[in-house]
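The primary structure of each chain is shown beneath.
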Amino acid sequence: MHTVTRLTDFFTPINYELSLDLDRLSRTFSGIVTIHGTVADTANEVKLHAKDLVIETALIDGQIAEWKTGDNDEISITKDGVNAGDHTIVIRFSGTITDAMHGLYPCYYEHAGIKKELLATQFESHHAREVFPCIDEPAAKATFDVTLTTEDDVTVLGNMPVTYRDTDGKRMVTKFETSPRMSTYLLAFVVGELQSKSAKTKDGVEVNIWATPAQPAASLEYPLDIAVRSIEFYNDYFGTAYPLPKSDHVALPDFSSGAMENWGLITYREIALLADPETTSISSRQYIATVIAHELAHQWFGNLVTMEWWNDLWLNESFATLMEYLAIDALHPEWNIWLDFVTNESVIALRRDAIDGVQSVQVDVNHPDEISTLFDGAIVYAKGGRLLRMIQNYIGSEAFQTGLKAYFEQHAYKNTVGNDLWEALEKASGKPVASIMNTWISQPGFPVVTLTRNDTEVTLTQEQFFVGPHAESTRHWPIPLNAQPSSLPELFDTNTITVTADTSVQLNIGDTAHFITQYDSASLSELTQRVADMSLSITSRAQLLDEATLLARGGKQSSDTLIPLILAYKNEMAEPVWGIVAMALAELRKFVEDNKDAEIKLRGAAGALVHEQYQRLGWSPTEHESEEDTKLRSTVIGLTLYGENEAAIAKAKEIYESTPLDNLDPELRPLIISSVARYGDAKIVDDLLDAYVNTQSGELRQDICVGITSTRIPEKIDQLLDAIKDPKIVRPQDAARWFVYLIRGRDSKTQAWEWIRDNWQWIIDTFGGDKSYDDYPRYAASALTTREQLQEYKDFFRPMKDIPALTRAIAIGISEIEGRVELIERDKEAVQKALIEY
């Protein structure tokens with residue numbers, strides 16, 4: 001891959017004066033940008049980024065300049081006599097507004113029967129160049145003075161407060177305050193008809209939640225409360241005040257990502273911000289809270305202090321992932337949010353990180369087309385957050401917080417690399433943070449620690465853990481053991497150690513370190529008994545079963561050994577642990593798809609395991625029941641429905657037929673819809689699709705998507721697949737969700753796999769420039785299970801392996817399918833035999 005030139009080597013911007021005239025109806029814009037900056041000693045020209053823009057004129061220091069386009073979206077601007085020092089560049093340009101959800105694009109919605117639009121921006125990672133000439137690199141921090149000319153009678157939002165607004169009755173001019181020094185990818189604006197709710201933090205920061213008038217006004221209240229309190233928490237925790245006078249949060253009808261941390265103007269999918277008190281589930285409210293806390297953490301990590309280049313993206317995303325849990329735990333301690341960290345972030349990180357070829361947390365980036373591949377939620381977000389949780393636990397929470405305060409004081413409004421952070425934490429703790437963390441973030445994968453015991457002698461051995469085919473590995477890691485008894489070493493940084501322990505041994509207490517443990521049979525039996533009698537902690541109960549499923553995937557034990565372990569959870573009461581139980585049962589489904597008797601036994605075992613909880617919780621919440629029980633009910637009923645309990649199937653149908661979709665219990669709605677779609681006729685699918693098209697509720701649309709894709713009717717599966725390409729039915733932002741549900745469905749997998757191959761050109765046309773592009777080979781790989789499908793995947797995707805945005809996803813996809821096929825072939829007979837004998 002060709003390495004692009006860093007344009008900051010030629011020119012350093014200091015300030016942008018950006019004036020844009022937006023013509024929504026004609027889908028065009030025009031503008032003038034005045035850039036004040038410094039030409040480097042070694043340069044005699046100014047190089048900028050500009051993509052799909054028409055450059056009309058260019059001046060340097062008031063003199064007409066020449067320009068030419070180059071590779072990698074570069075333009076070179078020259079005139080005689082340009083030399084090192086300060087210069088002013090003025091460029092007049094124009095461009096088009098397109099439906100691609102990056103750069104400047106329209107968002108569509110309907111209100112009171114009228115179709116309406118917003119205009120919004122998405123500049124991360126390198127899309128500012130699509131709207132104005134600039135140096136589109138994170139290190140090129142500058143201040144911005146933005147002026148927008150728009151339609152009259154609309155709300156115009158930018159990063160900073162408005163200083164001037166005027167209108168002639170047709171066009172409106174809005175000017176914003178000068179921004180702090182910031183990177184181009186954080187610049188943003190939103191234009192259109194919006195409603196809002198506002199409040200102020202204790203320190204006087206104005207916080208606003210914005211949404212289209214199609215959304216209930218009440219849905220803005222909950223996110224406003226979370227946003228205000230999150231800012232207040234971070235002010236105290238970081239010891240550095242929120243840097244801007246206001247914090248806007250905007251729910252966009254069309255948005256490719258979940259949310260984007262634009263400084264002072266955070267944008268979200270509607271479902272990631274808005275919470276209708278009448279229809280939003282507890283799980284969704286908790287999700288919304290963590291998203292808001294994540295994006296607000298970026299106002300410090302990423303915005304105030306920014307990575308120098310994209311190889312340190314984890315400095316943004318890993319820290320924001322950790323901080324969202326720290327913040328929400330402080331705001332809502334009753335949620336026990338760290339259990340969600342264990343059962344969500346840890347689970348996805350370990351599964352992805354076990355595949356040979358996966359990226360490390362810190363990855364070299366040589367070309368902008370590679371940047372989109374960095375946004376791997378399982379690695380840069382989940383694994384990175386898990387590693388930071390590990391070092392926080394290792395050095396102590398107080399030293400961790402002290403180090404962060406020093407980091408912000410030293411590097412505010414600047415760019416950093418990873419070692420800057422390690423130095424701050426090392427100085428605060430006196431521990432070797434850099435040597436530990438640089439090993440973890442630079443190496444892909446993680447270790448499995450094998451524990452064997454001979455009387456009081458305990459031997460620990462580490463090696464890299466893999467699922468699927470892999471090259472030989474000699475990697476090892478400095479592992480914080482977090483062990484009981486405390487006589488075991490704090491850090492295990494050799495391949496093997498032998499220690500003495502007079503009591504039973506358990507490693508990774510609290511699941512705060514990024515490794516898994518393979519216990520010998522005696523130790524595992526003891527832990528299993530402690531699961532059954534509920535004497536093991538909630539975190540350890542979840543962790544033990546999750547790690548057992550991984551060990552089975554990796555061939556360290558046979559998958560049939562999962563069955564007695566799963567059955568030990570019969571007395572379980574904790575909702576997060578039941579989520580892992582449901583996941584472990586789902587792990588077994590792939591082994592029984594071709595054996596009806598074994599499948600019946602697996603379904604029966606699931607129903608029997610959950611029967612007591614089903615009897616206890618039923619279908620309706622009781623007065624004063626805990627939020628945990630309210631959430632648990634959906635898992636319990638889901639397993640009961642999987643067990644093909646006829647009374648439960650009939651109950652789901654009865655509730656569906658007697659209750660409007662909007663009024664269904666939001667905790668149970670996707671399950672109820674799934675059940676009636678699975679067992680119902682074509683009319684149910686048609687009715688649900690109509691409801692999907694006509695609702696303005698993002699949560700209801702998501703629940704319908706989850707449920708309707710459970711249909712087993714081949715003609716309706718084809719209809720749903722075709723709907724993915726129709727933006728009047730499925731918004732492009734939601735296409736990947738529909739596809740992943742369909743390709744992972746047992747009855748729809750074959751048709752979905754054929755559809756993605758037949759419609760790949762549409763994927764390229766619609767998502768080729770978006771960071772969701774590699775979702776499609778990745779999601780396809782997550783579902784395919786046969787050697788025939790493996791070969792089809794290779795045949796189809798290998799010709800695309802040199803496309804930078806797809807290279808890693810394709811290679812890992814092949815490894816993932818190979819590992820799954822080998823696992824099924826290796827363990828299927830044993831699992832089926834164990835189930836039939838159960």
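This is a predicted model, so every value here is computed, not measured.

## Quick notes on the overall build of the chain
For step 1, the next point in the chain: Across its full length, the chain holds 25 helices and 28 strands.
For step 2, the next point in the chain: By the compact-globule yardstick of 28 Å for 838 residues, the chain fits well, its C-alpha radius of gyration being 27 Å.
For step 3, the next point in the chain: By its C-alpha atoms, the chain is 85 × 65 × 55 Å across when sized along the principal axes.
For step 4, the next point in the chain: Counting over 838 residues, the chain shows a buried share of 60%.
For step 5, the next point in the chain: Total accessible area on the chain is roughly 31300 Å²; 47% of this is exposed by carbon and sulfur atoms.
For step 6, the next point in the chain: Here the chain holds 75 positive side-chain charges and 125 negative ones, and the gap between their average locations is 2 Å.

## Details of a negative patch on the surface
For step 1, the next point in the chain: Residues Glu715, Asp718, Asp722, Glu754 and Asp758 make up a contiguous surface patch of negative charge.
For step 2, the next point in the chain: If you list the elements that add at least two residues to the negative patch, you get helix H19 (714-723) and helix H21 (749-758).
For step 3, the next point in the chain: Top contributing element to the negative patch by residue count: H19, with 3 residues.
For step 4, the next point in the chain: For Glu715, the location among the structural elements is in helix H19.

## As for helix H24 (residues 787-797)
One turn of an α-helix holds 3.6 residues; hence residues three or four places apart share an orientation.
For step 1, the next point in the chain: For H24, every residue scored as buried is listed here: Gln789, Leu790, Tyr793, Lys794, Phe796 and Phe797.
For step 2, the next point in the chain: Looking at the buried side of H24, the elements it contacts are H21, helix H22 (760-767), helix H23 (775-781) and helix H25 (807-837).

## Let's talk about the state of the cysteines
For step 1, the next point in the chain: Evaluated as defined, the whole model comprises 0 disulfides.
For step 2, the next point in the chain: Lacking any disulfide linkage, Cys705 is separated from the closest cysteine sulfur, that of Cys107, by 20 Å.

## Here we look at the environment of Ser772
For step 1, the next point in the chain: Tracing the chain through its elements places Ser772 in the loop between H22 and H23.
For step 2, the next point in the chain: The class of Ser772 is buried, set by a relative accessible area of 12%.
For step 3, the next point in the chain: Along the backbone, Ser772 and Gln733 are 39 residues apart, and their C-alpha atoms lie at a distance of 9.1 Å.
For step 4, the next point in the chain: If near-sequence neighbours (up to four positions away) are discounted, Ser772 is found in contact with Ser256 and Phe767.
For step 5, the next point in the chain: Polar side-chain contacts of Ser772 include one of 2.7 Å to the side chain of Asp770.

## Some points on the sheet that holds strand S16 (residues 195-200)
For step 1, the next point in the chain: With respect to topology, 5 strands assemble into an open sheet ordered S16-S17-S18-S20-S19, the strand pairing being mixed. The sheet is open, and its two edges are formed by S16 and strand S19 (259-260), each paired on a single side.
For step 2, the next point in the chain: With 2 bridges connecting them, S19 and strand S20 (residues 265-269) associate as antiparallel partners. The partner of Met260 across the bridge, within S20, is Thr267.
For step 3, the next point in the chain: Lying over the sheet, helix H2 (residues 282-298) contacts strand S18 (246-252), S19 and S20, oriented at roughly 150° with respect to S20.

## Description of the side chain of Arg731
For step 1, the next point in the chain: Structurally, the position occupied by Arg731 is in the loop between H19 and helix H20 (735-744).
For step 2, the next point in the chain: Looking at Arg731, the relative accessible area reads 15%, which means it is buried.
For step 3, the next point in the chain: At 3.4 Å, the side chain of Arg731 and the backbone oxygen of Pro253 are in polar contact.
For step 4, the next point in the chain: Every residue in contact with Arg731, bar those within four places of it in the chain, is listed here: Tyr108, Tyr109, Pro253, Asp254 and Arg701.

## Focus on the sheet that holds strand S8 (residues 85-96)
For step 1, the next point in the chain: Strands sit in the order S5-S4-S8-S2-S1-S11-S14-S13 across an open sheet of 8 strands; the sheet is mixed. In this open sheet, the two strands that pair with only one neighbour each are strand S5 (63-64) and strand S13 (162-167).
For step 2, the next point in the chain: One ladder, built from 2 bridges, connects strand S4 (residues 54-60) with S5; its direction is antiparallel. Within S5, the position partnered with Ile60 by the bridge is Gln63.

## Quick look at the packing of helix H4 (residues 337-353) against helix H12 (residues 575-589)
For any two helices packed against each other, the geometry is given by the interaxial angle and the distance between the axes.
For step 1, the next point in the chain: Axis separation between H4 and H12 bottoms out at 8 Å; the angle between their running directions is 30°. As the angle between them shows, H4 and H12 are arranged roughly parallel. When H4 is examined against H12, the residues Leu339, Thr343, Val347 and Arg351 are found in contact with a partner set consisting of Pro576, Ile580, Met583 and Glu587.
For step 2, the next point in the chain: Looking at the contact of H4 with H12, its residues break down into 5 nonpolar, 1 polar and 2 charged.

## Some words on the pairing of strand S11 (residues 143-151)
For step 1, the next point in the chain: Buried residues dominate S11, accounting for 8 of its 9 residues.
For step 2, the next point in the chain: Sheet topology note: the strand S1 (residues 11-23)/S11 ladder contains 7 bridges and is parallel. Opposite Leu18, over in S11, you have Val146 as the bridge partner.

## Some remarks on the packing of aromatic side chains
For step 1, the next point in the chain: Counting across every chain of the model gives 39 aromatic pairs.
For step 2, the next point in the chain: On the numbers, 5.3 Å between centres and 10° between planes, the contact of Tyr234 with Phe238 is stacked. With a gap of 4 residues between them, Tyr234 and Phe238 both fall in helix H1 (residues 221-238), about one helical turn apart.
For step 3, the next point in the chain: Where Tyr325 meets Phe341, the ring centres are 5.0 Å apart and the plane angle is 85°; that geometry is what we call edge-to-face. Here Tyr325, found in helix H3 (residues 314-331), pairs with Phe341, found in helix H4; they are 16 residues apart in sequence, far enough to count as distant. There is no split in this pair, since Tyr325 and Phe341 are both buried.
For step 4, the next point in the chain: These aromatic residues form a ring-pair network of at least three members: Phe233, Tyr234, Tyr237, Phe238, Tyr242, Trp300, Phe301, Phe319, Phe400, Tyr407 and Phe408.
For step 5, the next point in the chain: One residue, Arg389, lies across the ring of Trp338, its end atom 3.6 Å from the ring centre.
For step 6, the next point in the chain: Directly above the ring of Tyr394 sits Lys431, whose terminal nitrogen or CZ lies 4.4 Å from the centroid.

## Quick notes on the packing of helix H13 (residues 596-617) against helix H14 (residues 627-642)
For step 1, the next point in the chain: It is at 8 Å that the axes of H13 and H14 come closest, and there the two elements cross at 145°. As for the relative orientation of H13 and H14, their crossing is left-handed in sense. Residues Leu602, Arg603, Ala606, Gly607, Val610, Gln613, Tyr614, Arg616 and Leu617 of H13 lie in contact with H14, whose contacting residues are Asp629, Leu632, Arg633, Val636, Ile637, Leu639, Thr640 and Tyr642.
For step 2, the next point in the chain: Residue composition of the contact of H13 with H14, grouped by class: 10 nonpolar, 3 polar and 4 charged.

## Considerations on helix H7 (residues 418-429)
For step 1, the next point in the chain: For H7, which comprises 12 residues, the first-to-last C-alpha distance of 17 Å matches the rise-based estimate of 16 Å (1.5 Å per residue) to within 8%.
For step 2, the next point in the chain: What H7 keeps buried is the set Gly418, Leu421, Trp422, Ala424 and Leu425. Down the axis of H7, the buried set is contained in an arc of 160°. They therefore lie on one face. Exposed and facing more than 90 degrees away from the buried side of H7 are Glu423 and Lys427.
For step 3, the next point in the chain: Note on H7: the residue one or two positions beyond its end, Gly430, has a positive phi of about 75°.

## With respect to the pairing of strand S12 (residues 155-158)
For step 1, the next point in the chain: Of the two faces of S12, the one carrying Thr155 and Leu157 and the one carrying Val156 and Gly158 are both buried.
For step 2, the next point in the chain: As paired elements, S12 and strand S15 (residues 189-192) share 4 bridges and run antiparallel to each other. The partner of Gly158 across the bridge, within S15, is Phe189.

Calculation criteria
Residue indices begin from 1 for each chain and proceed along its sequence in written order. Given that this is a predicted model, residues contribute local features only at a pLDDT of at least 70 and side-chain atom pairs are listed and counted only at 80 or more, while totals for whole chains, interfaces and linings are drawn from all residues. Side-chain calculation: all heavy atoms of the structure are included, whereas hydrogens and water are not. In DSSP terms, a helix is any run of H or I states spanning at least four residues, a strand is any run of E spanning at least two, and both are numbered starting from the N terminus. Our radius of gyration looks at C-alpha atoms and nothing else; its globule reference is 2.2 Å times the residue count to the power 0.38. Only protein chains enter the area calculation, which uses a 1.4 Å probe; residues under 20% of their type maximum are buried, those over 50% are exposed, and those in between are partly exposed. Residue burial considers only the protein chains on display, and all accessible areas are found by Shrake-Rupley using a 1.4 Å probe. Only four residue types enter the charge count, namely Lys and Arg as positive and Asp and Glu as negative; His and the chain termini do not. To locate a charge, take atom NZ for lysine, CZ for arginine, CG for aspartate or CD for glutamate. Residues with no salt bridge and a relative accessible area higher than 30% make up the patches, which join like charges within 9 Å and nonpolar side chains (Val, Leu, Ile, Met, Phe, Trp, Tyr) within 5 Å. Salt bridge, as used here, is a side-chain nitrogen of Lys or Arg placed within 4 Å of a carboxyl oxygen of Asp or Glu. Contact definition: two residues touch when any of their heavy atoms are within 4.5 Å. In this description, a disulfide is simply a cysteine sulfur pair whose atoms lie within 2.5 Å. N or O atoms within 3.5 Å of each other form a polar contact, as long as, within protein, one can give a hydrogen and the other can take it, and as long as residues adjacent in sequence are counted only when both atoms are side-chain atoms. Here, a strand pair is defined by DSSP locating no fewer than two bridges between the strands. For helices, the fitted axis covers only the stretch in contact; all axes are lines through C-alpha atoms, and the angles between them, taken along N-to-C directions, range from 0 to 180 degrees. Should an angle lie under 35 degrees it is considered roughly parallel, over 145 roughly antiparallel, and from 65 to 115 roughly perpendicular; all remaining angles are considered oblique. Polarity classes work like this: nonpolar for Ala, Val, Leu, Ile, Met, Phe, Trp, Tyr, Cys and Pro, charged for Asp, Glu, Lys and Arg, and polar for all others, with Gly in that last group. Stacked, tilted and edge-to-face pairs are distinguished by plane angle, under 30 degrees for stacked and over 60 for edge-to-face with tilted covering the rest, among Phe, Tyr and Trp rings (Trp via its six-membered ring) whose centres lie within 6.5 Å. In our convention, an over-ring charge means Lys NZ or Arg CZ found within 6 Å of a ring centre and within 35 degrees of that ring's normal. For a crossing to be left-handed, the near helix must be turned anticlockwise from the far one by less than a right angle; the clockwise case is right-handed. Here the expected span of a helix is defined as 1.5 Å times the quantity of residues minus one. This arc corresponds to the set of directions leading from the helix axis out to the C-beta atoms.

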